[in-house]
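Coordinate analysis (summary)
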Amino acid sequence: VLAAAPFPARGLYLPGFSPIEYQAGDLVELKVNKLTSVKTQLPFSYYTLPYCKPEKVVTGVGNLGEALTGDVIENSPYVIKMR
């Protein structure tokens, strides 16, 4: 017979991801990814559509998994601060 744990447990694990703790007023970096379509198998860069662009678009790969899956991580012009 399995007994339920006396204390609830919560957890989250995503490979290649490490959690960040923010304090009030800290800047939260918002990044964008590629766009996909049901009409084509080829992804599009996020900024091929007329979205607001930052002055300089910086492309970067965060980890090996992103590179292998073809993710195109770019910066965004939005400023977000933790409340």
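Please refer to the structure higher up on the page.
**A word on the packing of aromatic side chains**
Scanning all chains against the criterion turns up 2 aromatic pairs. With a centroid separation of 5.1 Å and 90° between ring planes, the pair formed by Tyr46 and Tyr47 is classed as edge-to-face. When the ring of Tyr46 is compared with that of Tyr51, the centres are 4.5 Å apart and the planes differ by 20°; the resulting orientation is stacked. Cluster of aromatic residues (ring-pair linked, three or more members): Tyr46, Tyr47 and Tyr51.

**Describing the sheet that holds strand β2 (residues 31-32)**
Across the sheet, 3 strands lie side by side as β2-β4-β3; this open sheet has antiparallel pairing. The sheet is open, and its two borders are formed by β2 and β3 (59-60), each paired with just one other strand. Note that β2 and strand β4 (residues 73-75) share 2 bridges and pair antiparallel. Across the sheet, Lys31 pairs through a bridge with Asn75, a residue of β4.

**Here we look at a nonpolar patch on the surface**
A surface patch of nonpolar side chains, amounting to about 250 Å² of accessible area, comprises Leu30, Tyr78 and Ile80. Classification of Tyr78 as partly exposed rests on a relative accessible area of 42%.

**Thoughts on the layout of surface pockets**
Here the largest pocket is characterised by a volume of approximately 500 Å³. The wall of the largest pocket is formed by 19 residues, among which Phe17, Ile20, Glu29, Lys31 and Glu66 lie closest to the centre. Those elements that provide at least two residues to the lining of the largest pocket are β3 and β4. Looking at the lining of the largest pocket element by element, the count peaks at 3 residues for β4.

**Here we look at the environment of Asn75**
Secondary-structure assignment places Asn75 in strand β4. For Asn75, a relative accessible area of 17% gives the class buried. Between the alpha carbons of Asn75 and Glu29 there is a distance of 8.1 Å; along the sequence they are 46 residues apart. Among residues more than four places away in sequence, those in contact with Asn75 are Leu30, Val32, Tyr47, Pro54, Lys56, Val57 and Val58. Looking at Asn75, its side chain comes within polar contact range of the main-chain oxygen of Lys56, at 3.1 Å.

**Regarding the pattern of salt bridges**
Counted under the stated rule, the structure contains 2 salt bridges. Note that Glu29 is salt-bridged to Lys31, the shortest N-O span being 3.5 Å. Note on Glu29: relative accessible area 60%, which makes it exposed. You can call Lys31 partly exposed: its relative accessible area is 44%. The shortest N-O distance in the salt bridge between Asp71 and Lys34 comes to 3.3 Å. Here the residue Asp71 occupies a position in the loop between α1 (64-69) and β4, and Lys34 occupies one in the loop between β2 and β3, the gap between them amounting to 37 residues. Among the residues examined, Asp71 registers a relative accessible area of 21% and is labelled partly exposed.

Criteria and cut-off values
- Residues numbered from 1 in each chain as written.
- Predicted model: local features only at pLDDT ≥ 70, side-chain atom pairs only at ≥ 80, totals over all residues.
- Heavy atoms only, no water.
- Phe/Tyr/Trp six-rings, centres within 6.5 Å; stacked < 30°, edge-to-face > 60°.
- Pairing = 2+ DSSP bridges.
- Helix = DSSP H or I, 4+ residues; strand = E, 2+ residues; numbered from the N terminus.
- Patch = residues over 30% accessible without salt bridge, like charges linked within 9 Å, V, L, I, M, F, W, Y side chains within 5 Å.
- Areas by Shrake-Rupley, 256 points an atom, 1.4 Å probe, with all protein chains shown as cover.
- Salt bridge = Lys/Arg side-chain N within 4 Å of Asp/Glu carboxyl O.
- Buried < 20%, exposed > 50% of the residue type's maximum accessible area, 1.4 Å probe, protein only.
- 1 Å grid on protein atoms, 1.4 Å probe; cavity = no way out; pocket = protein on both sides within 12 Å on 5 of 7 lines; lining within 4 Å.
- Points joined across faces, edges and corners; volume = space filled by probe spheres on them.
- Contact = heavy atoms within 4.5 Å.
- Polar contact = N/O pair within 3.5 Å; in protein donor to acceptor, adjacent residues only side chain to side chain.

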